[in-house]
Amino acid sequence: MKKIATIAFLALLLTNCKQNNSNEELKPIEKNTDTITAVKTELKEKEAELKEDCKDIEVEMGSGRECIVQEKDLAKVYQNIIKNKEVEESEYFLSVIPNEDKSVEVNQKGLMTIDYLITKDKVAISMNYAGGVTEVTLEKINNTVKKSIYHYAD
């Protein structure tokens, strides 16, 4: 008799569990709007990032990278270099590209000066270190910008 009662009790327990699971399956899925908004924002930021076609360049006593950026505004490419920290110590760059040649004394983290050479449709930035030079060149070519970053040792 105890065996029958135990089996009956287990059968009731199992059917009750199956009913609870099926009730949960029927509940509508709640959307978390914060998560959806965050994902959409992240996708928009990635789309807003500048599209680049890059290649590494071997130079004597150094290394380099040249990119063709699908952007026609030198200022946007310059801001992107600072924002993405594409060059070490880019936090010492001027907040905007100057209108004329300029030299900025830094004397921080081994960086002595940053020299800006400005010509029509071209910006050349030379970061002078005690042990070498980093050159950043932005050149407008048609509807793109050629971005070159070279690191040279002394």
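Relevant structure appears above.
A brief report on the enclosed structure follows. (Residues numbered from 1 in each chain as written. Predicted model: local features only at pLDDT ≥ 70, side-chain atom pairs only at ≥ 80, totals over all residues. Heavy atoms only, no water.)

**Quick notes on the overall build of the protein chain**
Alright, step 1. For the protein chain, the helix and strand inventory stands at three helices and seven strands.
Alright, step 2. When its helices and strands are written in sequence order, the protein chain yields α-α-β-β-α-β-β-β-β-β.
Alright, step 3. By residue count, 27% of the 154 residues in the protein chain fall in the buried class.
Alright, step 4. Sequence-distant contacts in the protein chain: of pairs separated by 6 or more residues, those separated by 24 or more amount to 34%.
Alright, step 5. Total accessible area on the protein chain stands at roughly 11500 Å², and carbon and sulfur atoms take up 53% of it. (Helix = DSSP H or I, 4+ residues; strand = E, 2+ residues; numbered from the N terminus. Buried < 20%, exposed > 50% of the residue type's maximum accessible area, 1.4 Å probe, protein only. Contact = heavy atoms within 4.5 Å. Areas by Shrake-Rupley, 256 points an atom, 1.4 Å probe, with all protein chains shown as cover.)

**Structural notes on the pattern of salt bridges**
Alright, step 1. The final tally for this structure, using the stated rule, is five salt bridges.
Alright, step 2. In this structure, aspartate 56 engages arginine 65 in a salt bridge whose closest nitrogen and oxygen atoms are separated by 2.7 Å.
Alright, step 3. Aspartate 56 sits in the exposed class, given a relative accessible area of 58%.
Alright, step 4. Linking lysine 146 and glutamate 66 is a salt bridge whose minimum nitrogen-to-oxygen distance equals 4.0 Å. Separated by 80 residues along the polypeptide, lysine 146 in strand β7 (residues 144–153) and glutamate 66 in strand β2 (residues 62–69) bring together distant segments of the chain. (Salt bridge = Lys/Arg side-chain N within 4 Å of Asp/Glu carboxyl O.)

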